[in-house]
Amino acid sequence: MKPLLNELRLGVNIDHVATIRNARGGIHPDPVRAALMAADAGADGITAHLREDRRHISDDDIARLRSNVALPLNLEMAATEEMLAIALRHIPNAVCLVPEKRQELTTEGGLNIYRNKKYLHDFIQALKAAGTRVSLFIDPSGKQIEAAAEIGADIVELHTGRYCEVVLGADRKEEARELKRLVEGATFAAGFGLEVHAGHGLDFETVKPVAAIPELVELNIGHFLIGEAIFIGMEAVVTDMRKIMHEVRLGVNAEPTP
Ligand code: PXP
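On a predicted model such as this, the values are computed, not experimentally measured, just so you know.

1. Points about the sheet that holds strand β6 (residues 155–159)
Here is step 1 of the chain: If you walk around this closed barrel you meet the 8 strands as β1-β2-β3-β4-β5-β6-β7-β8, and the pairing is parallel. Neighbour-to-neighbour, the strand axes of this sheet turn through a mean angle of 25°, independent of strand direction.
Here is step 2 of the chain: Across 5 bridges, β6 lies against strand β7 (residues 195–199) in parallel orientation. Pairing of Val-156 across the sheet is with Val-196, part of β7.

2. So, the packing of aromatic side chains
Here is step 1 of the chain: The final tally for this structure, using the stated rule, is 3 aromatic pairs.
Here is step 2 of the chain: Summarising the aromatic geometry, the rings of Phe-204 and Phe-224 are spaced 4.8 Å apart at their centres and angled 80° between planes, so their arrangement reads as edge-to-face. Taken together, the residues span a long stretch of sequence, with Phe-204 in the loop between β7 and α9 (207–211) and Phe-224 in helix α10 (residues 223–232) at a distance of 20 residues.
Here is step 3 of the chain: The ring of Tyr-114 carries Lys-143 above its face, with NZ or CZ at 4.3 Å from the centroid.

3. A closer look at the nonpolar core
The nonpolar side chains of a soluble globular protein tend to be buried with one another.
Here is step 1 of the chain: Counting residues in hydrophobic clusters, the biggest one holds 73 residues, and the most contacted among them are Val-12, Ile-46, Leu-65, Leu-97, Leu-136 and Leu-219.
Here is step 2 of the chain: Top element by residues in this core is helix α11 (residues 234–253). It accounts for 7 residues.
Here is step 3 of the chain: Dropping the residues within four chain positions of it, Ile-46 is found in contact with Val-12, Ile-14, Ala-35, Ala-38, Leu-65, Val-69, Leu-71, Pro-72, Leu-73 and Asn-74.

4. Structural notes on the site of the ligand
Here is step 1 of the chain: Near the ligand lie 14 residues; those nearest to it are Glu-76, Glu-157, Gly-201, Gly-222 and His-223.
Here is step 2 of the chain: Contact between the ligand and Glu-76: an oxygen atom at 3.1 Å from a side-chain N or O atom of the residue.
Here is step 3 of the chain: Its free accessible area being 390 Å², the ligand has 95% of it covered by the protein chains.
Here is step 4 of the chain: Looking at the shell around the ligand residue by residue, the classes come out as 4 nonpolar, 7 polar and 3 charged.

5. Describing the environment of Glu-218
Here is step 1 of the chain: Among the structural elements, Glu-218 can be located in strand β8 (residues 216–221).
Here is step 2 of the chain: Each C-alpha atom of the pair Glu-218 and Lys-243 lies 14 Å from the other, and the pair is 25 residues apart in sequence.
Here is step 3 of the chain: Among all residues touching Glu-218, those that are not within four sequence positions of it are Leu-8, Arg-9, Asn-74, Val-196, His-197 and Ala-198.
Here is step 4 of the chain: Polar side-chain contacts of Glu-218 include one of 3.2 Å to the side chain of Asn-220.

6. Details of helix α3 (residues 59–68)
Here is step 1 of the chain: Listing the buried residues of α3 in full gives Asp-61, Ile-62 and Leu-65. Buried residues of α3, viewed axially, fall in a sector of 100°; they line one side.
Here is step 2 of the chain: The secondary structure elements touched by the buried residues of α3 are α1 (15–24), α2 (31–40), β2 (45–49), β3 (73–77) and α4 (81–90).

Conventions we followed
- Residues numbered from 1 in each chain as written.
- Predicted model: local features only at pLDDT ≥ 70, side-chain atom pairs only at ≥ 80, totals over all residues.
- Heavy atoms only, no water.
- Pairing = 2+ DSSP bridges.
- Helix = DSSP H or I, 4+ residues; strand = E, 2+ residues; numbered from the N terminus.
- Axes fitted to C-alpha atoms, helices over the stretch in contact; angles between N-to-C directions.
- Phe/Tyr/Trp six-rings, centres within 6.5 Å; stacked < 30°, edge-to-face > 60°.
- Lys NZ or Arg CZ within 6 Å of the ring centre and 35° of its normal.
- Core = buried A, V, L, I, M, F, W, Y, C linked by side-chain atoms within 4.5 Å.
- Buried < 20%, exposed > 50% of the residue type's maximum accessible area, 1.4 Å probe, protein only.
- Contact = heavy atoms within 4.5 Å.
- Near = heavy atom within 4 Å.
- Polar contact = N/O pair within 3.5 Å; in protein donor to acceptor, adjacent residues only side chain to side chain.
- Areas by Shrake-Rupley, 256 points an atom, 1.4 Å probe, with all protein chains shown as cover.
- Nonpolar A, V, L, I, M, F, W, Y, C, P; charged D, E, K, R; others polar.
- Arc of directions from axis to C-beta.

So, in structure tokens, the structure goes:
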């Protein structure tokens, strides 16, 4: 595929390969092998979430991803002292700070930066001083975006979970409203000079309108890709997702007709 001026990167989140491994204990299936296969199939980066309860990715997985996979590593983590020490040990290419509650099944909402500006500012500075880019996972709210820029984040990752959820329902108005929030959030964030990413809940269909948002430079996708890989294989699912994103982007980059 010919690279595009305004290409959209795909970060493959391999957490749920580890979820299956941990269901039995032992070493199979190996998330590092999944990361290597995703890399071969054209992924632009690997994302892994080291949760405080280690329910999927382990400390050893992070060390092995760092030493065996050449793609940039985006480490998702809570803004805790324990996680900061781990990030400073591995210096991933990017850290994405996420809110974390032990009882939740997945990252249920965005970070409340607005309420924790001072703490997060210092946390971000420590990571940036070590050479890691810092991303904040937030809902597409103007207030949170403004706060992210103010405290020195490099990137905001807009939470697409709500949008993907409403697509499953029948309320098309609500769907349009949620998509509009993402579109406006991306424009607003880019206006502050923030790099804009998005992710959560995306699949072959929901990715299309999201990939069409021109300010986005990266999507992070996990659960759907790993689930679909069971049926069509890791290589095919990454290739197909890249292809859809690329085709949507071709439309975004097309010269407007006079
Ligand atoms: N981005 C962030 C910050 C996340 O926490 C997650 C879930 O771990 C994702 C993207 C990927 O979401 P999903 O697994 O639903 O594709």
